[in-house]
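Listed below are the residues making up each chain.
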Amino acid sequence: MPETPPETPSGTPSDAPLPGLDPGLDPRLLEILVCPVTHGPLEYDRAAGELISRKAKLAYPVRDGVPVMLPEEARTL
């Protein structure tokens, strides 16, 4: 029998997408991904489909829900 995911305090399953996030991008990735250049935090820009590193002034593309974390693929801000 398959296991059901644990619930959060709000009563929603812990693997449910967070409101406002592209359903193709796993919100758990945002918790663990860091900029490969600065090792700093990233912000998700849903409209542009990019992960933004303010410290590095780079925007990493998200293609088909998969972040492309290569500095040579990033757009300079």
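Below is a short write-up of the structure. (Residues numbered from 1 in each chain as written. Predicted model: local features only at pLDDT ≥ 70, side-chain atom pairs only at ≥ 80, totals over all residues. Heavy atoms only, no water.)

**Points about unusual backbone geometry**
One non-glycine residue with positive phi stands out, namely Lys57, at about 60°. Relative to the helices and strands, Lys57 resides in the loop between strand 2 (50-53) and strand 3 (58-63). For Lys57, a relative accessible area of 52% puts it in the exposed group. Positive phi, close to 55°, is recorded for Asp64, a residue that is not glycine. (Helix = DSSP H or I, 4+ residues; strand = E, 2+ residues; numbered from the N terminus. Buried < 20%, exposed > 50% of the residue type's maximum accessible area, 1.4 Å probe, protein only.)

**Quick look at the side chain of Glu50**
Among the secondary structure elements, Glu50 is positioned in strand 2. Given a relative accessible area of 10%, Glu50 falls into the buried group.

**Some points on the nonpolar core**
Ranked by size, the top nonpolar core spans 10 residues in total: Leu25, Cys35, Leu42, Tyr44, Leu51, Leu58, Tyr60, Val62, Met69 and Ala74. The element contributing the most residues to this core is strand 3, with 3 residues. With sequence-adjacent residues up to four places away left out, Val62 is seen in contact with Leu25, Tyr44, Gly49, Glu50, Leu51 and Pro67. (Core = buried A, V, L, I, M, F, W, Y, C linked by side-chain atoms within 4.5 Å. Contact = heavy atoms within 4.5 Å.)

**Quick word on the environment of Pro67**
In this structure, Pro67 sits in strand 4 (residues 66-67). On the accessibility criterion, Pro67 (15% relative accessible area) is buried. Setting aside residues up to four positions removed in sequence, Pro67 forms contacts with Leu25, Leu29, Leu33, Leu51, Pro61 and Val62.

**Side note on the pattern of salt bridges**
All chains considered together, the criterion is met by 3 salt bridges. Where Arg75 meets Glu50, a salt bridge forms, and the shortest distance between an N and an O atom there is 2.8 Å. Of the two residues, Arg75 is situated in strand 5 (residues 75-76) and Glu50 in strand 2; the sequence distance between them amounts to 25 residues. You can call Arg75 partly exposed: its relative accessible area is 43%. As a salt-bridge pair, Arg63 and Glu73 come within 3.0 Å of each other at their nearest N and O atoms. In this pair, Arg63 is assigned in strand 3 and Glu73 in the loop between strand 4 and strand 5, connecting sequence segments 10 residues apart. Exposure remark for Arg63: the relative accessible area of 43% places this residue in the partly exposed category. (Salt bridge = Lys/Arg side-chain N within 4 Å of Asp/Glu carboxyl O.)

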